[in-house]
Amino acid sequence: MSSGPDQRSRLQSDPFDYRVTGGEQVIVARGGRTIVTIRGAAAAKLITSLTSADERGAQMLLAKATGNYKHGNERR
């Protein structure tokens, strides 16, 4: 088993999707469902970070942006 924040490879098997709107908002979705819409300064910072991140890094940024991940007690 690998160490790190994505030990179960959930971000590879069920990745986040995101869309940047014209109004400088970032809409984060997973499995076709919208999870969160990020606006303002936080959205601008996330957009900047996403442009320079690789795919794995982008998934970690999106997971952190949702604010609700890696509790260890998630049920399927």
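The rules behind these values
Residues numbered from 1 in each chain as written. Predicted model: local features only at pLDDT ≥ 70, side-chain atom pairs only at ≥ 80, totals over all residues. Heavy atoms only, no water. Buried < 20%, exposed > 50% of the residue type's maximum accessible area, 1.4 Å probe, protein only. Helix = DSSP H or I, 4+ residues; strand = E, 2+ residues; numbered from the N terminus. Pairing = 2+ DSSP bridges. Phe/Tyr/Trp six-rings, centres within 6.5 Å; stacked < 30°, edge-to-face > 60°. Lys NZ or Arg CZ within 6 Å of the ring centre and 35° of its normal. Axes fitted to C-alpha atoms, helices over the stretch in contact; angles between N-to-C directions. Contact = heavy atoms within 4.5 Å. Expected span 1.5 Å × (residues − 1). Arc of directions from axis to C-beta.

### Remarks on the pairing of strand 2 (residues 26-30)
Now for step 1: Here strand 2 lies mainly inside the structure; 5 of its 5 residues are buried.
Now for step 2: Side chains V26, V28 and R30 project from strand 2 onto one buried face, and the interleaved I27 and A29 project onto a second face that is buried too.
Now for step 3: Sheet topology places strand 1 (residues 16-20) next to strand 2; 5 bridges connect them, and they run antiparallel. From the neighbouring strand, R19 faces strand 2, where its bridge partner is I27.
Now for step 4: Taken together, strand 1 and the strand that follows it, strand 2, pair antiparallel across an intervening segment of 5 residues, in which E24 is found at a positive phi of about 60°.
Now for step 5: Strand direction decides the pairing type here: strand 2 and strand 3 (residues 33-38), joined by 5 bridges, are antiparallel. Note on strand 3: the bridge partner recorded for V28 is V36.
Now for step 6: Turn length for the strand 2-strand 3 hairpin, with the two strands adjacent in sequence and antiparallel, is 2 residues, and the turn residue G31 shows positive phi of about 65°.

### Comments concerning the packing of aromatic side chains
Now for step 1: Scanning all chains against the criterion turns up 0 aromatic pairs.
Now for step 2: Taking NZ or CZ as reference, R30 lies 4.4 Å from the ring centre of F16, over its face.

### Topic: the sheet that holds strand 1
Now for step 1: If you trace the 3 strands from one edge of the open sheet to the other, you get 1-2-3, paired in antiparallel fashion. Both outer strands of the open sheet, strand 1 and strand 3, are each paired with one neighbouring strand and no more. Between one strand axis and the next, the sheet turns through 25° on average, direction left out of account.
Now for step 2: Along the sheet face, helix 3 (residues 55-66) touches strand 1, strand 2 and strand 3 and points at about 80° away from the line of strand 1.

### Things to note about helix 2 (residues 40-52)
Now for step 1: The end-to-end C-alpha separation of helix 2 is 19 Å, in line with the 18 Å expected for 13 residues at 1.5 Å each.
Now for step 2: By the burial criterion, the buried members of helix 2 are A43, L46, I47 and L50. Taken end-on, helix 2 shows its buried residues confined to a sector of 105°, consistent with a single buried face. Along helix 2, the residues that are exposed and aim more than 90 degrees away from the buried face are A41, K45, T48 and S52.
Now for step 3: In this structure, the buried residues of helix 2 make contact with strand 1, strand 2, strand 3 and helix 3.

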